[in-house]
Amino acid sequence: MDNPAYAALNGPHARFAERRGRVVRYQQDVSPWLGLPDAPGPDDWADLAALAGPGAEVPLPGVRVALPAGWELTFDMEGVQLVDDGVAAAPDPEAVRLGADDVPEMLDLVERTRPGPFLPRTVELGTYLGVRRGGALVAMAGERLRPPGWTEISAVCTDPGFRGEGLASRLVLAVADGIRSRGETPFLHTSARNTEAIRLYEALGFRLRRRTRFVAARVPG
């Protein structure tokens, strides 16, 4: 859980992995996340540079070691990881399963609400649920990282015109119910500055497990 992308790509999500040495990343139309070993050495940084390509910007979730010489830090944000601590998980009668045919609408909703990275094949990572009003997708939530025994809830978003109805909370509980039904434990990430979201998740039964960092860096060259 301290290195969830690495654990997921070496476990339940291995079928989505691209590898070079000990470095793994998701296929580029699935997710931007990648995984480094807990204590990356010079060979690991060299493999990451070769995998990403000169000048590429790469996310380094959870990395707390100093960047090697020549790497440029491009993004650094404090985050939090919250885990299920008595979430009242339950199916939702209005929630519908989303799939490949729904991706254009999902991408449009993500563009308007900015919940975090969502790419054309992200929907393949797990179960995504949505709420439709008048036939239009107005809210969704789904599953992303899957370190063994755990599943991350992600892409939680609601169209601005439908906020205040509790749709996000209901979808989080419905996704958590599906995760629990597999015998796994729900968790999620958000910005440490997003106090409103943190209060919501804590009210739903999540608790703070640890603080982390969302970092991105540019490959030399």
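So, here is what we can say about the structure in this document. Each residue is numbered by its place in its chain's sequence as written, counting from 1. Two thresholds apply to this predicted model, a pLDDT of at least 70 for residue-level local features and 80 or more for giving and counting side-chain atom pairs, whereas whole-chain, interface and lining totals are computed over all residues. Only hydrogens and water are set aside when side-chain values are computed; all heavy atoms of the structure are taken into account.

1. Details of the environment of Ala5
What counts here: Put simply, DSSP H or I for four residues or longer makes a helix, DSSP E for two residues or longer makes a strand, and each gets a number counted from the N terminus. In this analysis, two residues are considered to be in contact whenever any of their non-hydrogen atoms come within 4.5 Å of each other.
As for its position among the elements, Ala5 is in helix H1 (residues 4-9). On a C-alpha basis, the gap between Ala5 and Leu145 in space is 6.2 Å, while along the polypeptide they are 140 residues apart. With sequence-adjacent residues up to four places away left out, Ala5 is seen in contact with Trp33, Leu34 and Leu145.

2. Section: the packing of aromatic side chains
Quick note on the threshold: Working definition: a ring pair exists when centres of Phe, Tyr or Trp rings (six-membered ring for Trp) sit within 6.5 Å. Plane angles under 30 degrees give stacked, over 60 give edge-to-face, the rest tilted. Burial classes: relative accessible area under 20% of the type maximum marks a residue as buried, over 50% as exposed, and values in between as partly exposed (1.4 Å probe, protein chains only).
Inspection of the entire model under this criterion finds 4 aromatic pairs. With 6.1 Å between their ring centres and 75° between their planes, Tyr201 and Phe206 make a pair best called edge-to-face. Here Tyr201 falls in the buried class, since its relative accessible area comes to 9%.

3. As for the sheet that holds strand E3 (residues 34-35)
Worth spelling out the cut-off: By definition, two strands form a pair when at least two bridges between them are found by DSSP. Inter-axis angles, ranging from 0 to 180 degrees, are taken between N-to-C directions of lines fitted to C-alpha atoms, where helices are fitted over the stretch in contact.
Strand order across the open sheet formed by 3 strands is E1-E2-E3, with antiparallel pairing between neighbours. Two strands in the sheet have a free side with no partner beyond their single neighbour: strand E1 (17-20) and E3. Where strand E2 (residues 23-26) and E3 come together, 2 bridges link them in antiparallel fashion. Bridge pairing in E3 places Val24 opposite Gly35. Strands in contact with helix H2 (residues 42-52) are E1, E2 and E3; relative to E2, the strand with the most contacts, it is inclined by about 35°.

4. A word on the sheet that holds strand E9 (residues 150-158)
In spatial order, the strands read E4-E11-E5-E10-E9-E8-E7-E6; together these 8 strands make up an open sheet with mixed pairing. The sheet is open, and its two borders are formed by strand E4 (57-59) and strand E6 (96-98), each paired with just one other strand. Recorded for the sheet is a direction-independent mean angle of 30° between the axes of neighbouring strands. Strand direction decides the pairing type here: strand E7 (residues 128-133) and strand E8 (residues 136-143), joined by 6 bridges, are antiparallel. Each bridged residue has a counterpart across the sheet, and for Tyr128 the counterpart in E8 is Gly142. Most of the contacts of helix H3 (residues 103-113) go to E8, to which it runs at about 90°, and overall it touches E6, E7, E8 and E9.

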